[in-house]
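Observations on the model geometry
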Amino acid sequence: MDDEQNNKKKLSLTALILMIFTSVFGFANIARAYYLMGYASILWYVLAALTFFLPFAFMLSEFGAAFKDEKGGIYSWMAKSINPKFSFVGTVMWYSSNVIWMVSTGISIWIPLSNGIFGVDKTQQWSFLGLNSVQSLGLLGALWILFITFFSSKGLDKIEKVTNIGGIAVVLLNIVLISVGIFILVMNKGQMAEPLSVAKFVKSPNPDYGSIISVFSFLVFAVFAYAGLEVIGGLVDETENPEVNFPKGIKISAIVIAAGYAIGIFIMGVFTNWSFAFTEFSEADITLGNVAYVAMNNMGYQLGSTLNLTESVSREIGIWMGRYIGISMFLALTGSFFTLTFSPLKQLIEGTPKEIWPKKWTKIKNGLPVHAMYVQSAVVITIILFVSFGGKSAKEFFNILISMTNVSVSIPFMFIVIAFYGFKKNESIEKPFVIFKSKNGYKYIVVMVTFVLAFANIFTVVEPAIHGHYSETFFSMLGPIFFCSVALILFNRYEKKQNQLLQESTINPVMEDSFVD
């Protein structure tokens, strides 16, 4: 009977592919890529897939197979492959990426809400209590974090149903993008809104991405587009015939996702003339926060124009398209918030040694570390207010948020990749599932992926400073440095406590023996 239930729970190859796809693929990554690099972003997305996505996925699958019975997740993987301190810092860095995500999304979530209500981004016109638009978004973001933390702490798991509704809407959004794009292409007899040329596949139309350094910094966007791979590491033992289906599922997913991004970016060119869409069409200033909504609004407008509808009707179609993506993204992000407010924090506290944390943080209420959740909300709100009241324009403000997110998300990958070297080298670890079978081949893969991640992050941090945007560089570095420092302080304190306990345990038996004598 138990065997039958276990078999029912196993993932089929198709289910595995769909799970990987939904965890990694993101519509906003297509619009941002096209805005920053145009057709040239296709090359970088394919390059990131070959040098990061596929090898990193294989690493995770080997980790997952070897440590499938461990409850600590990536902490256990890295602790047994390298050492506990390295693992703890890497795990905290991974956790910090979720904190930075909450900072970024807590502020930018009002853009899809505005699009859902008005069909366009009006957040740049919002002003409360005499504050400017950026400060107003920061204040709303702080209140949003309190709201989410309060309701999440009650254990309201039913709210996660919002995630399913939003997830379905976003999947449909990608289908709409490709379907409408192909329809417009056919109606226009193969004529692209953004004309094709060999030069456009290597050179960006965006004046901010004209230098080699700027182009190199785009690599982190391409790497970030494949974030979410950590999720699949724990699916090895849940997959039917994992020795065959798991590597096959990863290969197919990697090809589908890489091709999906390439096709999506190409389709953007069908209805998006870069100069018109991003310099003339929208009344709002284009930022990395609202570019996806502007692009879809423009798609609706171009659809109306293709059908020879009037200017006003075409504009109205664009507004309704903006409403659709706004509502879809708002629902999806809200669902993600309710999950990410407690899930990474819970894994961090339960997966690492309890002695590291203050006792209050480890107390569980309603199945959740409620006290730690409120400490987390205080940290997130502090960062939100610090960034939003920094006196920046909306465009620079969202550039800072996106850069912070990209760097904080991609740095933890380096810890996992480096740990994989120790994992392969450690012959005492049983490895039931091996993809990198060559004795030395994995070393070259580790070096390649580490180089790609380091290269992308260094250029992302340095590039803004070269152009005089020092605050963007500062905030990109701030998160990783702060959380790395906190991790080292906490673990060093833990080590001291453990050493003291060890000394006391060795002294007490000696004293007892003396007393007996």
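None of the values given here were measured: they were computed from a predicted structure.

So, how was this worked out
- Residues numbered from 1 in each chain as written.
- Predicted model: local features only at pLDDT ≥ 70, side-chain atom pairs only at ≥ 80, totals over all residues.
- Heavy atoms only, no water.
- Axes fitted to C-alpha atoms, helices over the stretch in contact; angles between N-to-C directions.
- Helix = DSSP H or I, 4+ residues; strand = E, 2+ residues; numbered from the N terminus.
- Parallel < 35°, antiparallel > 145°, perpendicular 65-115°, else oblique.
- Left-handed = near helix turned anticlockwise from the far one by under 90°.
- Contact = heavy atoms within 4.5 Å.
- Nonpolar A, V, L, I, M, F, W, Y, C, P; charged D, E, K, R; others polar.
- 1 Å grid on protein atoms, 1.4 Å probe; cavity = no way out; pocket = protein on both sides within 12 Å on 5 of 7 lines; lining within 4 Å.
- Points joined across faces, edges and corners; volume = space filled by probe spheres on them.
- Patch = residues over 30% accessible without salt bridge, like charges linked within 9 Å, V, L, I, M, F, W, Y side chains within 5 Å.
- Areas by Shrake-Rupley, 256 points an atom, 1.4 Å probe, with all protein chains shown as cover.
- Salt bridge = Lys/Arg side-chain N within 4 Å of Asp/Glu carboxyl O.
- Buried < 20%, exposed > 50% of the residue type's maximum accessible area, 1.4 Å probe, protein only.
- pLDDT = per-residue confidence, 0-100.
- Lys, Arg positive; Asp, Glu negative; His and termini not counted.
- Polar contact = N/O pair within 3.5 Å; in protein donor to acceptor, adjacent residues only side chain to side chain.
- Charge placed at Lys NZ, Arg CZ, Asp CG, Glu CD.

**Notes on the packing of helix 5 (residues 74–81) against helix 6 (residues 84–108)**
Direction vectors running N to C along helix 5 and helix 6 enclose 150 degrees, while the axes themselves pass 7 Å from each other. Comparing their axes, helix 6 and helix 5 come out roughly antiparallel. The chirality of how helix 5 crosses helix 6 is right-handed. Where helix 5 approaches helix 6, its residues Ile-74, Tyr-75, Met-78 and Ala-79 are matched on the opposing element by Pro-84, Phe-86, Ser-87, Phe-88, Gly-90, Thr-91 and Trp-94. Here the contact of helix 5 with helix 6 is built from residues that sort into 8 nonpolar, 3 polar and no charged.

**So, empty space enclosed by the protein**
Rolled over the atoms, a probe as big as a water molecule pinpoints where empty space is left. For the structure on display, the rule yields 2 cavities of 30 Å³ or more. Here the second largest cavity defines a volume of roughly 40 Å³. Along its surface, the second largest cavity is lined by Met-102, Ile-145, Ile-148, Thr-149, Phe-337, Thr-341, Met-373, Gln-376 and Ser-377. Among the secondary structure elements, those contributing two or more residues to the lining of the second largest cavity are helix 8 (133–152) and helix 18 (370–388). Looking at side-chain class alone, the lining of the second largest cavity contains 5 nonpolar, 4 polar and no charged residues.

**A closer look at the environment of Leu-11**
In this fold, Leu-11 is placed in the loop between helix 1 (2–9) and helix 2 (13–24). Residues Leu-11 and Thr-239, spaced 228 residues apart in sequence, show a C-alpha to C-alpha distance of 4.4 Å.

**Some remarks on a nonpolar patch on the surface**
A surface patch of nonpolar side chains, about 400 Å² in accessible area, is lined by Phe-183, Met-187, Leu-307, Leu-309 and Val-313. One can find Leu-307 in the loop between helix 14 (291–306) and helix 15 (311–340). Leu-307 gets classed as partly exposed once you look at its relative accessible area, which sits at 38%.

**What about the confidence of the model for the protein chain?**
Averaged over all residues, the pLDDT of the protein chain is 81; the fraction at 70 or higher stands at 87%. Of all helices and strands in the protein chain, the one with the weakest mean pLDDT is helix 1 (47), whereas helix 14 scores best (90). pLDDT under 50 marks residues 1–8. Its contacts with residues more than four places away, or in other chains, come to 0 contacts.

**Quick look at unusual backbone geometry**
The backbone of Lys-189 sits at a positive phi, close to 55 degrees, despite the residue not being glycine. Positioned with a positive phi, Asn-308 is a non-glycine residue whose angle comes to about 60 degrees. Among the structural elements, Asn-308 can be located in the loop between helix 14 and helix 15. Owing to a relative accessible area of 71%, Asn-308 belongs among the exposed residues under this scheme.

**Let's talk about the side chain of Asp-121**
Along the chain, Asp-121 turns up in the loop between helix 7 (110–118) and helix 8. Within the buried core, Asp-121 has no salt-bridge partner, and the shortest N-O distance to an opposite charge, that of Lys-122, equals 10.0 Å. Here Thr-123 takes part through its side chain, which lies 2.6 Å from a polar atom of the side chain of Asp-121.

**A short note on the environment of Lys-425**
By the secondary structure assignment, Lys-425 is in helix 19 (residues 394–425). Along the chain, Lys-425 and Tyr-442 lie 17 residues apart, while their C-alpha atoms are 9.8 Å from each other.

**Looking at a positive patch on the surface**
There is a patch of like positive charges on the surface, built from Lys-359, Lys-360, Lys-363, Arg-493 and Lys-497. Every element with two or more residues in the positive patch is listed here: helix 17 (359–362) and helix 21 (470–516). With respect to the element layout, Lys-359 can be found in helix 17. Using a relative accessible area of 72% as the deciding quantity, one classes Lys-359 as exposed.

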